[in-house]
Amino acid sequence: MPEGDTVHRVANRLQTLVGEQLEVTSPHPRAQAERIAERIDGRRLESAGAHGKNLVLRFDGGVVLRSHLRMSGRWVVRPRGGRVSGAPWLVLRGRRAEAILWNGPVLDLHTRALARLGPDILERPPRIDAMLARLRTSDGSRWFGEALLDQSIVAGIGNKWLAEALWETELSPWRRLVDVGDGDRRRALETAAVLMRDSVDGRARRNRVYRLVGRPCPRCGTPIRSYGQGDANRMTYWCSACQVGTHPRGA
């Protein structure tokens, strides 16, 4: 699933269309059934922003569009006039550029879903204290990694940046939330914010543990492990030597 940094990069690229009156089409039959295009066709795009994993486009007349990419969606922003093959969900065309949404199953003409989200990890500056307050009211028996993936606590962190931030801070995703103090919680959140902001700003970084199962830990050489975590069985990556916790299967 695209994480918050990916969606923020899309919002940045869409700035080229802000202020323009857009031509909008929805070639995909499911998108046509929602009648999204006809509601925004001909309107001026006033802003393009992101909150967590949600892209939010605001048009004149108070019309708003929320896009969530789920597992396979993607936005492409390119010069206008290129060949479009297949049936994208949405095409936004300006004078010189166009934005195309592929496999975009969530398109809403409202932002009610945002009310359920925690603070965005990529706000400038991130509201770490507000995130910590939400962690304090969460179920203390949850795994720490699972809690950081809860979008109602902090919006935008996904499997990759969870794994990378916890490796950087030498914190295990397999500690119960109640056993992780505020200081360690803060370090994890601040590190995730820095890593993800670097990603948005184009400062590339090699993965240390994410999707590197069996490879040696860059810090100690222990093979990297992975295991599903939480009710959603989200894949977690960690070094069992550097990041000591209580894995449910003793790994």
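The structure this text deals with has already been given above.
Not measured: the values here are computed from a predicted model.

J.: Whenever I open this one, the side chain of Glu3 confuses me. Can you help?
T.: As for its position among the elements, Glu3 is in the segment before α1 (4–13). Nearest to the buried, unbridged Glu3 among oppositely charged side chains is Arg234, at 6.0 Å. Discounting residues that sit within four places of it in the chain, Glu3 has contacts with Lys53, Gly156, Ile157, Gly158, Asn159, Lys160 and Trp161.

J.: I would appreciate a short explanation of the pattern of salt bridges in the present structure.
T.: Opposite charge on two side chains permits them to pair, given that their charged atoms come into close proximity. By the definition in use, this model includes 22 salt bridges. Glu190 is the salt-bridge partner of Arg186, the closest N and O atoms lying 3.8 Å from each other. Taken together, the residues Arg186 and Glu190, both in helix α7 (residues 182–200) and four residues apart, mark about one turn of the helix. When its relative accessible area of 30% is taken as the criterion, Arg186 is described as partly exposed. Note on Glu190: relative accessible area 36%, which makes it partly exposed. Between Arg203 and Asp198 there is a salt bridge, with its nearest N and O atoms 2.7 Å apart. Assessed through its relative accessible area of 45%, Arg203 is described here as partly exposed. One network of salt bridges, with partners in common, ties together Arg124, Asp198, Asp201 and Arg203.

About the criteria used
Residues numbered from 1 in each chain as written. Predicted model: local features only at pLDDT ≥ 70, side-chain atom pairs only at ≥ 80, totals over all residues. Heavy atoms only, no water. Helix = DSSP H or I, 4+ residues; strand = E, 2+ residues; numbered from the N terminus. Buried < 20%, exposed > 50% of the residue type's maximum accessible area, 1.4 Å probe, protein only. Lys, Arg positive; Asp, Glu negative; His and termini not counted. Salt bridge = Lys/Arg side-chain N within 4 Å of Asp/Glu carboxyl O. Contact = heavy atoms within 4.5 Å.

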